[in-house]
Amino acid sequence: MAALSAGLAMPAIVRAEEDNFWDALNKDKRIKNVDQEGNTATAKSLVDTIEPILSYDTSYNLQLAIQNYEAFIAANGSWEAPTRETFGLKLGESRRAAALLKRRLMINGDMPLEKRVNDEFDAGLDAAVRLFQARHGLVINGAVDEATFYALSVPADYRLNQLRLNAQRIDQWASALSDRYVAVNIPAAVVEAVEGAQVVQRHNSVVGKVDRATPILNSKIFQVKFNPYWTVPKSIIEKDMIKYMNEDPEYLTKFRIRIFDGKGNEIPPTDINWQTTEAVKYTFRQDPGGENSMGHCKIDFYNKYDVYMHDTPQKALFGENARFHSSGCMRCENIEELVAWLLRDNGGGWTPESVMAAWEQGMREDIKLDVQIPIHTTYITAWANRQGTVSFRDDVYQFDAQGIVSFGEG
């Protein structure tokens with residue numbers, strides 16, 4: 001009887017294994033047929049439009065977004081927070097949480113409205129998640145990772161408050177804008193080069209840590225330095241350099257940082273007592289080159305904070321979600337494009353390629369701009385474009401939490 005039972009069970013087991021095999025094969029086919037790169041490109045096109053964050057158009061678009069959010073909250077109170085089952089969802093999976101996520105993304109406008117939804121994480125949901133990620137400045141991977149789950153958890157009334165605060169901020173900045181300017185949006189860690197009310201360049205940036213914030217100011221760019229020396233600020237000597245030297249006595253040598261006394265004489269690191277703060281009495285200067293902390297370029301503008309924009313050898317940082325790593329200065333991705341744009345009125349026919357060639361050949365020169373370009377470092381955590389796409393960023397410096405609308409200029 002035992003042998004007979006085992007014999008009868010075998011076909012069922014085989015059928016189950018075959019069903020699992022064909023289910024997995026069909027799932028693989030569904031995933032392969034989804035144009036994930038195309039979904040990412042579409043998401044970016046809906047967010048990275050030619051409209052500047054600082055503009056009257058953005059102010060108008062924000063008012064429309066505010067009306068939509070107010071109407072939704074009046075009718076519904078808020079949207080539902082994502083469930084625990086939402087975390088980790090990705091293309092090809094089938095869960096009830098996928099249906100709930102679809103309804104949520106329909107509310108936000110990331111997905112077209114449908115009367116009925118299924119439990120499949122399909123091509124439509126993949127496109128919607130990628131658009132949601134693009135709107136929130138997240139790495140666009142189509143999966144509900146930790147950062148995406150967190151952004152989905154923010155309630156509607158919090159988002160409405162962001163829209164209202166930032167509408168006021170943009171109104172104040174927009175009145176002072178010229179035809180050509182550079183804007184750095186700190187919460188987004190993004191640099192925009194604007195001309196004729198259109199963004200002609202947009203660059204990822206790295207900005208100040210929470211405890212070493214990038215200051216908010218209006219100024220003018222007056223100089224570009226090719227292959228600059230880096231003079232280490234005393235705050236970095238005190239907070240970082242002394243610690244690094246205690247951890248690795250060869251640190252300064254490895255990074256080609258030299259020490260000078262008040263008379264300009266170079267002294268060896270061994271002359272300093274690194275167990276004290278004696279080092280702050282000296283000047284620390286890093287030689288030019290690709291490993292220089294400023295990379296190949298420094299962009300100077302007038303300010304009392306000793307901050308500037310610069311290149312960096314740490315290119316991988318530009319691909320992160322939260323790019324808040326600096327001591328207040330702004331690092332700019334593909335900065336050679338911005339430099340060529342800034343030097344346009346200087347003659348010489350500068351292009352991104354010729355700028356890069358000059359750097360790689362070791363050209364060491366400080367170039368004054370014939371036409372100084374306004375620069376605005378700003379704090380915008382919510383904005384909207386004429387396509388109706390609303391973008392949000394985290395309140396990294398807690399200015400939204402404090403209800404701050406106006407900022408003193410540096």
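Residues numbered from 1 in each chain as written. Predicted model: local features only at pLDDT ≥ 70, side-chain atom pairs only at ≥ 80, totals over all residues. Heavy atoms only, no water.

### Comments concerning the side chain of Asn-185
Along the chain, Asn-185 turns up in strand β1 (residues 180–185). Sequence-distant contacts of Asn-185, defined by excluding residues within four places in its chain, comprise Ile-53, Val-190, Thr-378, Tyr-379, Ile-380 and Trp-383. (Helix = DSSP H or I, 4+ residues; strand = E, 2+ residues; numbered from the N terminus. Contact = heavy atoms within 4.5 Å.)

### Quick notes on the packing of helix α10 (residues 335–342) against helix α11 (residues 352–360)
At a closest axis distance of 8 Å, the pairing of α10 and α11 adopts a crossing angle of 110°. The orientation of α10 relative to α11 falls into the category roughly perpendicular. Of the residues in α11, those in contact with Ile-335, Glu-336, Glu-337, Val-339 and Ala-340 of α10 are Pro-352, Val-355, Met-356 and Trp-359. Of the residues contributing to the contact of α10 with α11, the split by class is seven nonpolar, no polar and two charged. (Axes fitted to C-alpha atoms, helices over the stretch in contact; angles between N-to-C directions. Parallel < 35°, antiparallel > 145°, perpendicular 65-115°, else oblique. Nonpolar A, V, L, I, M, F, W, Y, C, P; charged D, E, K, R; others polar.)

### Considering the UniProt feature "active site" (unreviewed entry) in the chain
Mapped onto this numbering, the UniProt entry annotates "active site" (unreviewed entry) at His-310 and Cys-329. In terms of the greatest pairwise C-alpha distance, the residues named above, spread along 20 residues, form a tight cluster of at most 7.7 Å across. The topology assignment puts His-310 in strand β10 (residues 309–310). Beyond its immediate stretch of four places on either side in the chain, His-310 contacts Ser-293, Met-294, Cys-297, Lys-298, Cys-329, Met-330, Arg-331, Cys-332 and Ile-335. Secondary-structure assignment places Cys-329 in the loop between β11 (324–326) and β12 (330–332). Excluding anything up to four places from it in sequence, Cys-329 contacts Val-206, Val-207, Gly-208, Thr-214, Asp-306, Val-307, Tyr-308 and His-310. (UniProt positions renumbered as here; feature names shortened; annotations may be inferred.)

### A short note on the confidence of the model for the chain
Per-residue pLDDT for the chain has a mean of 90; in total, 92% of the residues score no lower than 70. For residues 1–10, every residue scores under 50 in pLDDT, and the model assigns this stretch zero contacts once sequence neighbours within four places are set aside. (pLDDT = per-residue confidence, 0-100.)

### What to know about the pairing of strand β13 (residues 365–378)
It is a general feature of regular strands that their side chains alternate between the two faces of the sheet. In terms of strand pairing, β1 meets β13 through four bridges, oriented parallel. If you follow Val-182 over to β13, its bridge partner there is Ile-375. Bridge count for strand β4 (residues 217–226) against β13 is nine bridges, and the pairing is antiparallel. The residue of β13 that forms the bridge with Leu-217 is Thr-377. (Pairing = 2+ DSSP bridges.)

### Remarks on the pattern of salt bridges
Applying the stated rule across the entire model yields 21 salt bridges. The shortest N-O distance in the salt bridge between Arg-202 and Glu-192 comes to 3.1 Å. With Arg-202 in strand β3 (residues 198–208) and Glu-192 in strand β2 (residues 190–195), the pair connects residues that are ten residues apart, well separated along the chain. Arg-202 gets classed as partly exposed once you look at its relative accessible area, which sits at 30%. Between Arg-364 and Asp-366 there is a salt bridge; the shortest N-O distance is 2.7 Å. Residue Arg-364 is classed as partly exposed on the basis of its relative accessible area of 38%. Linked through salt bridges whose partners overlap, the residues forming this network are Glu-51, Asp-57 and Arg-386. (Salt bridge = Lys/Arg side-chain N within 4 Å of Asp/Glu carboxyl O. Buried < 20%, exposed > 50% of the residue type's maximum accessible area, 1.4 Å probe, protein only.)

### Examining the UniProt feature "domain: L,D-TPase catalytic" (unreviewed entry) in the chain
UniProt tags residues 180–356 as "domain: L,D-TPase catalytic" (unreviewed entry). End C-alpha atoms of residues 180–356 are separated by 24 Å, and the span's content is 18% helix alongside 33% strand.

### Details of the domain arrangement of the chain
Domains assigned within the chain are domain 1 (27–55 + 79–154) and domain 2 (176–392). Computed over C-alpha atoms, the centres of domain 1 and domain 2 are 34 Å apart. At the interface, 17 residues of domain 1 touch 23 residues of domain 2. Interface area, domain 1 with domain 2, both sides summed: about 1,800 Å², of which 54% is carbon and sulfur. Our count for the contact surface shared by domain 1 and domain 2 stands at one salt bridge. Close ionic contact of Glu-51 with Arg-386 constitutes a salt bridge, the shortest N to O distance being 3.3 Å. At the boundary of domain 1 with domain 2, the tally comes to eleven residue pairs in polar contact (both at pLDDT 80 or more). The biggest single contributor to the side of domain 1 that touches domain 2 is helix α2 (residues 36–47), with three residues. Classifying every residue of the side of domain 1 that touches domain 2 by side-chain character gives nine nonpolar, five polar and three charged. (Domains from an automatic or database assignment. Buried area = accessible area lost by both parts, 1.4 Å probe. Polar contact = N/O pair within 3.5 Å; in protein donor to acceptor, adjacent residues only side chain to side chain.)

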